[in-house]
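A closer look at the structure
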Amino acid sequence: MQISATDKDEGNNSAIAYSILPNSLTDDSTSFVIDKYTGIIRLAVNMGLTTQERFGFDVEARDNWGAGYGLFSIANVFVYRVADYDYVILVAEVEPFIIQLNLQSITTDISDIVGLNVEAARLEPHIVEATARRRTVRSAVNQDMTDLYLFGVSPNDNSLIDPDLLYSTLMENFVEIQVALDEYKLQTFKQIALPDALSTGLSSCEIGLIAMGVVILAIIVIAIIVVFCIFDRRNKGQSPSGSENMLFKPDLSATPSSHGGSSIIETDRDLNGYMVSNPTYKEQNQSNVKSEVSPTEASLQDWNQRGAVQLGM
């Protein structure tokens, strides 16, 4: 975008310097920079990081190359951020350079007719559209026709006009606009169809991220289940389970069996001093179990004998 000012003086008195005035109410002025000598305004921020649609700031044009004693004029500048699908396209049967040369008068005539500030964002050769697989696609470019991209601004508060409202207003006054701009052979106004991803509410990128998140979540859940099963199995292997390979401490208080002795069962010891029953050995030697004097009975008999000797002495 470019700001232009003129001065009727000659020499340095007619040399214009441009500057953006700081605004204490908003920081919109910091989002743009202006070339001091050409008046070309450029972005100073990444518009992808903001959702703001309208920016307003003041530009000062001062003669004598901007000297403090020079005369000046101030213009209010508004910059609008319009999505591609929020434009209304004017189709004309003339070449783009003709529209470019008369762009200001075209938008002024349309604005006067509809009572809105209609602005032009860009123009390009006409895109011939075709329908393929129930979708509208670009099939060719007609260099002899022009697509003029328009948007509307409210004259009351300089806010953007809803594209549906702008389109309906232009179509209601199309005949009058067509007559006023007869030399440009206007064909129609048309709206830009929403992309498929936007019409469904989600872009392909968002759908991909959601799918990836679901897959990652499923992997995490499976991993948690596997770890839980491993620990659960280990815990069951270390606790009494009622199986034949059962861990137990020796019972020194066991009473003799009914045949006067204790049942002899071959056992093994683990690293913790626990005895592990050996059912195979038990089965093989079950028929060989015999009565023996238990360690408790042997100790009692030995103690009695020693006591008797002491009494005899």
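Residues numbered from 1 in each chain as written. Predicted model: local features only at pLDDT ≥ 70, side-chain atom pairs only at ≥ 80, totals over all residues. Heavy atoms only, no water.

1. Quick word on the sheet that holds strand 1 (residues 17-21)
Our working definition: Whether two strands pair comes down to DSSP finding at least two bridges between them. Numbering of helices and strands runs from the N terminus; a helix is a DSSP stretch of H or I covering at least four residues, while a strand is a stretch of E covering at least two. Every axis corresponds to a line fitted to the C-alpha atoms, with the helix fit spanning only the stretch in contact, and the corresponding angles, defined between N-to-C directions, vary from 0 to 180 degrees.
In space, the three strands of this open sheet follow the order 1-4-5, with antiparallel pairing throughout. Each end of this open sheet is capped by a strand with a single partner; those strands are strand 1 and strand 5 (72-80). Neighbour to neighbour, the strand axes of the sheet diverge by 30 degrees on average, direction disregarded. Two elements, strand 4 (residues 54-62) and strand 5, share nine bridges in a ladder whose sense is antiparallel. By the bridge assignment for strand 5, V59 is matched with A75.

2. Looking at the confidence of the model for the protein chain
As a general rule, the predicted coordinates of low-pLDDT regions are not to be interpreted in detail. Definition in use: Confidence of the predictor at the level of single residues is captured by pLDDT, which takes values from 0 to 100. Note on contacts: a residue pair is in contact if any heavy atoms of the two residues lie within 4.5 Å.
Chain-level pLDDT for the protein chain is 77 on average; 68% of the residues reach the 70-or-more range. Taken together, the stretch residues 252-267 has pLDDT below 50 and engages in 22 contacts with residues farther than four places along the chain or on a different chain. Segment residues 287-293 is flagged for pLDDT under 50; beyond a separation of four residues in sequence, or across chains, it makes 12 contacts in the model.

3. Looking at the nonpolar core
What counts is decided by this rule: Side-chain atoms within 4.5 Å link the members of a nonpolar core, which is a set of buried Ala, Val, Leu, Ile, Met, Phe, Trp, Tyr and Cys residues. For every residue, the accessible area obtained with a 1.4 Å probe (protein chains only) is divided by the maximum for its type, and the residue is called buried under 20%, exposed over 50%, and partly exposed between those limits.
Ranked by size, the top nonpolar core spans 22 residues in total, and within it I110, L170, I177 and F189 carry the most contacts. In terms of residue count, helix 3 (residues 103-114) provides more of this core than any other element does, four residues in total. Formed by 14 residues, the second largest nonpolar core is a distinct cluster that contains I3, I34, I41 and F57.

4. Quick word on the pattern of salt bridges
Pairing is possible between side chains of opposite charge, provided their charged atoms come close. Selection criterion: Within this document, salt bridges are pairs made up of a side-chain nitrogen of Lys or Arg and a carboxyl oxygen of Asp or Glu, the two lying within 4 Å of each other.
Tallying each qualifying case throughout the model produces two salt bridges. Between R62 and E60 there is a salt bridge; the shortest N-O distance is 3.2 Å. Residue R62 shares its accessibility class with E60, and that shared class is buried.

5. Comments concerning the side chain of S154
Heads up, the condition is: Two N or O atoms form a polar contact when they lie within 3.5 Å of each other; inside protein one atom must be a possible hydrogen donor and the other a possible acceptor, and for residues adjacent in sequence the pair counts only when both atoms belong to side chains.
In this fold, S154 is placed in the loop between strand 8 (135-153) and helix 4 (163-172). Overall, the relative accessible area of 9% leaves S154 in the buried class. There is a polar contact of 3.2 Å between the side chain of S154 and the backbone nitrogen of N156. Ignoring anything within four residues of it in the chain, the contact list for S154 reads N117, S159 and I161.

6. Examining the environment of F97
With respect to the element layout, F97 can be found in helix 2 (residues 96-101). For F97, a relative accessible area of 48% puts it in the partly exposed group. Measuring from C-alpha to C-alpha, the distance between F97 and D144 comes to 9.9 Å, with 47 residues separating the pair along the chain.

7. As for the side chain of S31
Examined against the element boundaries, S31 turns out to sit in the loop between strand 1 and strand 2 (32-34). The class of S31 is buried, set by a relative accessible area of 10%. Contact partners of S31, with chain neighbours within four places excluded, come to R42, L43, A44, V45 and F55.

8. Topic: helix 4
This is how it is decided: Read the arc as the range of directions from the helix axis to the C-beta atoms.
Within the sequence span of helix 4, burial applies to P163, L166, T169 and L170. Each buried residue of helix 4 lies within a common arc of 130 degrees when the element is viewed along its axis, so the set occupies one face. Capping the start of helix 4 is the job of one residue whose side-chain oxygen sits 3.0 Å from the backbone nitrogen of D164: D162.

9. With respect to a nonpolar patch on the surface
We count it as follows: Only residues whose relative accessible area exceeds 30% and that take part in no salt bridge are eligible for patches, with like-charged residues grouped when within 9 Å of each other and nonpolar side chains (Val, Leu, Ile, Met, Phe, Trp, Tyr) grouped when within 5 Å. Areas reported as accessible are Shrake-Rupley estimates using a 1.4 Å probe. Residue values count occlusion only from the protein chains shown.
Among the surface-exposed residues, M212, I216, I220 and I224 lie close enough to one another that they form a single nonpolar patch of about 390 Å² accessible area. Relative to the assigned elements, I216 resides in helix 7 (residues 204-238).

10. Details of the packing of aromatic side chains
Applied cut-off: Stacked, edge-to-face and tilted labels apply to pairs of Phe, Tyr and Trp rings (six-membered ring for Trp) whose centres lie within 6.5 Å, assigned for plane angles under 30 degrees, over 60, and everything in between, in that order.
Summed over the entire model, instances satisfying the criterion amount to seven aromatic pairs. Summarising the aromatic geometry, the rings of Y87 and Y149 are spaced 5.8 Å apart at their centres and angled 85 degrees between planes, so their arrangement reads as edge-to-face. One end of the pair, Y87, is in the loop between strand 5 and strand 6 (88-92); the other, Y149, is in strand 8, and 62 residues separate them in sequence. Arranged with centres 5.7 Å apart and planes meeting at 80 degrees, the rings of F174 and F189 form a pair that is edge-to-face. Of this pair, F174 sits in helix 5 (residues 174-180) while F189 sits in strand 9 (residues 186-191), and the two are 15 residues apart along the sequence. The same class applies to F174 as to F189, namely buried.

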